[in-house]
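Breakdown of the fold
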Amino acid sequence: MKIKDEIVVITGGASGIGKIMGRTALEKGAACLVIWDINEKNLEATVSEFSKLGKVKGYKVDVSDIESIDKAYEATKAECGPVGILINNAGIITNNKTFDAQTDQDIIRTMNINSVAPMLLTRRVLPDMLERNHGHICTIASAAGLLAMPKLSVYAASKWASFGWSESMRIELQEAKSKVRVTTVAPYFINTGMFDGIQPKVFKLLNPEKTAKTIIRAIEKDKRICGMPFAFRFIRFNQGLMHSKVFDWVFGSVFGVYDSMTHFVGRK
């Protein structure tokens with residue numbers, strides 16, 4: 001789906017890869033970039049910065065709150081027009097504790113923002129897209145939605161949920177012969193500050209600029225799944241091929257993936 005002349009909504013679009021994707025969308029001729037973000041300071045700065053590139057609207061939104069979503073979506077339709085592309089990008093990670101040390105609040109907050117919010121927002125956008133038989137929904141899941149990792153249990157759970165939901169919805173639309181497309185993105189850790197402190201052994205942190213542009217290209221090409229780096233596309237194949245002990249040894253000891261969260265600090 002082409003970005004040009006489309007109204008593009010990006011949640012969490014005032015920082016990280018969300019901000020880069022927004023800038024790229026404007027550079028590709030988006031009719032309007034609509035940024036949803038909870039950080040008002042970043043939101044205002046990003047709208048001001050991008051206004052020279054094209055039409056930009058910003059809304060302070062808590063995507064874990066239904067009323068906030070409804071208010072922002074109605075304002076978006078009234079002030080910008082029908083949404084052509086939705087990128088569910090907003091996400092959080094709270095800590096690197098083992099599951100027994102998690103709090104109820106951290107579990108609920110992580111699931112609400114990473115899993116429930118994309119579904120709630122899409123449930124509002126999708127009927128309008130179906131009516132026009134036109135649109136694209138892109139959800140930023142994670143490689144952690146394919147590969148279980150210690151000290152990342154709650155985040156992994158939220159991304160497994162978003163990955164499974166997004167893929168299921170894609171198949172539903174495909175069977176309905178709808179022209180509304182779905183892309184599910186499963187990147188490894190991205191070097192945006194969100195995963196500060198992570199010390200990968202083999203797979204290096206992804207470059208934010210390259211990652212954002214890869215996602216935009218995936219939308220333009222109507223890709224079903226976009227996994228990064230390329231090797232992560234073979235996770236499920238290896239899980240099916242290897243005995244679980246061998247798989248854990250390869251990814252845990254050889255690749256060092258299971259130790260990635262040991263020194264996690266994250267964005268404050």
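Structure: above.
Residues numbered from 1 in each chain as written. Predicted model: local features only at pLDDT ≥ 70, side-chain atom pairs only at ≥ 80, totals over all residues. Heavy atoms only, no water.

1. Notes on the side chain of Ser 142
Condition: Counting from the N terminus, the helices are the DSSP runs of H or I reaching at least four residues and the strands are the DSSP runs of E reaching at least two. Pairs of N or O atoms within 3.5 Å make up the polar contacts considered here, provided that, within protein, one atom can donate a hydrogen while the other can accept it, and that residues adjacent in sequence are counted only when both atoms are side-chain atoms.
Residue placement: Ser 142 occurs in the loop between strand S5 (135-140) and helix H5 (153-175). Of note is the side chain of Ser 142, whose polar atom sits 2.9 Å from the backbone nitrogen of Ala 144.

2. Description of a positive patch on the surface
Rules: Each patch is built from salt-bridge-free residues with over 30% relative accessible area, joining like charges within 9 Å and nonpolar side chains (Val, Leu, Ile, Met, Phe, Trp, Tyr) within 5 Å. All accessible-area figures derive from a Shrake-Rupley calculation using a 1.4 Å probe, and residue coverage is judged against the displayed protein chains alone. Any Lys or Arg side-chain nitrogen found within 4 Å of a carboxyl oxygen on Asp or Glu counts as a salt bridge. A positive count includes Lys and Arg, and a negative count includes Asp and Glu. His and the chain ends are not counted in either. Every charge is mapped to an atom, namely NZ of Lys, CZ of Arg, CG of Asp or CD of Glu. Exposure classes here rest on a 1.4 Å probe applied to the protein chains alone. A residue is buried below 20% of its type maximum, exposed above 50%, and partly exposed in between.
The grouping of Arg 217, Lys 221, Lys 223 and Arg 233 at the surface amounts to a positive patch. Lys 221 sits in the exposed class, given a relative accessible area of 59%.

3. A short note on the environment of Glu 74
Tracing the backbone shows Glu 74 in helix H3 (residues 66-79). In this structure, the C-alpha to C-alpha distance between Glu 74 and Arg 124, residues 50 residues apart in sequence, is 9.7 Å.

4. Concerning the pattern of salt bridges
Counted by the stated rule, this structure contains eleven salt bridges. With a shortest N-O distance of 3.3 Å, Lys 28 and Glu 220 are connected by a salt bridge. Of this pair, Lys 28 sits in the loop between helix H1 (16-27) and strand S2 (32-37) while Glu 220 sits in helix H6 (residues 208-220), and the two are 192 residues apart along the sequence. Residue classification places Lys 28 among the partly exposed positions, given a relative accessible area of 34%. Arg 170 is the partner of Glu 167 in a salt bridge, and the nearest nitrogen-oxygen pair spans 2.6 Å. One end of the pair, Glu 167, and the other, Arg 170, are both in helix H5, three residues apart, so they sit about a helical turn from each other. The residues Glu 167 and Arg 170 share a single accessibility class, namely buried.

5. Considerations on a nonpolar patch on the surface
On the surface, Phe 230, Phe 234, Phe 237 and Leu 241 cluster together into a nonpolar patch covering about 460 Å² of accessible area. Here Phe 237 shows up in helix H7 (residues 235-241).

6. Structural notes on helix H4 (residues 104-132)
Our working definition: Expected span of a helix: the number of residues minus one, times 1.5 Å. Bend is the name given here to the angle between axes fitted to two runs of seven residues, the run ending at a residue and the run starting at it.
The terminal C-alpha atoms of H4, which comprises 29 residues, lie 41 Å apart, in line with the 42 Å expected from a rise of 1.5 Å per residue. The largest bend in H4 is about 45 degrees, located at Val 116, with the proline Pro 118 one to four residues further on. Among the residues trailing H4, Asn 133 stands out with phi positive, at a value near 50 degrees.

7. Focus on the pairing of strand S7 (residues 225-228)
To be explicit about the condition: At least two DSSP bridges between two strands are required for those strands to pair. Here, the term right-handed applies to a crossover whose path from the first strand over the helix to the second runs clockwise when the strands point away from the viewer.
Pairing analysis gives four bridges linking strand S6 (residues 180-187) to S7, with the strands arranged parallel. In the strand pairing of S7, Val 185 is matched with Cys 226. Between the parallel pair S6 and S7, the chain is carried across by H6, and the sense of this crossover is left-handed.

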